[in-house]
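Here are the chains, one letter per residue:
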Amino acid sequence: MSETATGNYQVMIVDDDFRVGALHAEMVNSIPGFQALEPVQDPRMVPKLVSTLKPDLLLLDLYLPHVSGIELLRELDVDAIMISAATEPKNIANAIRHGALAFIIKPFDAKTLSAKLKGWARYRRQLTGVTEFNQQGVDRLFRALQGGEEAAPAVGAAPTEQAVLSCVKEASEPMSVAEVAEAVGVARATAQRYLAALVANDSLELQLGYGTRGRPEHRYVAR
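Keep in mind the model is a prediction, meaning the values are calculated, not measured.

Asker: Is there a simple way to explain the pattern of salt bridges in this structure?
Answerer: Side chains bearing opposite charge may pair, as long as their charged atoms lie close to each other. Enumeration according to the criterion identifies eight salt bridges in this entry. Linking Arg 44 and Asp 42 is a salt bridge whose minimum nitrogen-to-oxygen distance equals 3.1 Å. A relative accessible area of 25% places Asp 42 in the partly exposed class. In this structure, Asp 202 engages Arg 125 in a salt bridge whose closest nitrogen and oxygen atoms are separated by 2.8 Å. Of the two residues, Asp 202 sits in the loop between helix H9 (188-200) and strand E7 (204-210) while Arg 125 sits in helix H5 (residues 110-126), which places them 77 residues apart along the sequence. Given a relative accessible area of 25%, Asp 202 falls into the partly exposed group. Through salt bridges with shared partners, a single network forms among Asp 15, Asp 61 and Lys 106.

Laid out in structure tokens, this is it:
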């Protein structure tokens, strides 16, 4: 993940209409945690710019001169959300088939874009600190990409998860998996599973700390 020093996700907007590109850049910059790079009008420049600037996400128009958005999707190894007024089923299907993580219909407002970008950010966070996913975790990834808010764990629905959450919240400093497992009285693998779920739904924050051997380790703190 190539975030800037301020912690913002960098977003590259590709649209041949400079006015539309500027409008979308303004929307992006209004969303906390996101920063728009200079909009790109010529899609032929996109591969080189992606290679040098390394954006976290593309907002990619479907119909572009010289090179279509679909062609760029096939070529680029970067997260992308397709934006277009072309709403025919074949266009949407092609965008999804070739790697678009979402499809936003033009014209759209700031609220719509904010929901999609925040959902994408949750998706990216859910990919960190997890060694493997169960089916619920995978389903949560797809829900995040659709811009849906993740609900907090229901009280009493999962006692162990609630115990893990309370343990970290009451701690005076970030806790490791081993510390949580010992405090709650569960196996380390069990603690890791619940901690990952709580990070995924934004109840906890994952940080990197350093143990006695100097190796980085995951530590958890309440948001």
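Asker: Before we go on, may I ask you to explain unusual backbone geometry in this structure?
Answerer: The phi torsion of most residues other than glycine is negative, and most of the peptide bonds are trans. Along the chain, Lys 106 connects to Pro 107 via a cis peptide bond; the corresponding omega equals -10°. Tracing the backbone shows Pro 107 in the loop between strand E5 (102-105) and H5. Look at Lys 54: it is not a glycine, yet its phi comes out positive at around 50°. Positive phi outside glycine occurs at His 66, with the angle close to 75°. Mapped onto the elements, His 66 comes out in the loop between strand E3 (57-61) and helix H3 (69-75). On the basis of relative accessible area, His 66 is assigned to the exposed category, the value being 56%.

Asker: Can you walk me through the packing of aromatic side chains in this structure?
Answerer: Geometry of an aromatic ring pair is reported as the spacing of the ring centres plus the angle between the planes. Counted by the stated rule, this structure contains three aromatic pairs. Ring geometry for Tyr 9 and Trp 120: centres 4.9 Å apart, planes at 75°, overall edge-to-face. One end of the pair, Tyr 9, is in strand E1 (residues 9-14); the other, Trp 120, is in helix H5, and 111 residues separate them in sequence. Pair check on accessibility: Tyr 9 and Trp 120 agree, each one buried. Between Phe 34 and Trp 120, the ring centres sit 6.2 Å apart and the planes meet at 50°, which makes this aromatic pair tilted.

Criteria and thresholds
Sequence order as written defines residue numbering, which begins from 1 separately in each chain. pLDDT decides what is reported in this predicted model: residues at 70 or higher carry local features, side-chain atom pairs at 80 or more are listed and counted, and totals for whole chains, interfaces and linings draw on all residues regardless. To get the side-chain values, take all heavy atoms of the structure and skip hydrogens and water. We define a salt bridge as a contact between a side-chain nitrogen of Lys or Arg and a carboxyl oxygen of Asp or Glu at a distance within 4 Å. We call a residue buried when its accessible area falls under 20% of the maximum for its residue type, exposed when it is over 50%, and partly exposed in between, using a 1.4 Å probe and counting protein chains only. Helix and strand assignments follow DSSP, with helices taken as H or I runs no shorter than four residues and strands as E runs no shorter than two, numbered in order from the N terminus. Think of it this way: a Phe, Tyr or Trp ring, Trp meaning its six-membered ring, pairs with another when their centres are within 6.5 Å, and the plane angle makes it stacked under 30 degrees, edge-to-face over 60, tilted otherwise.

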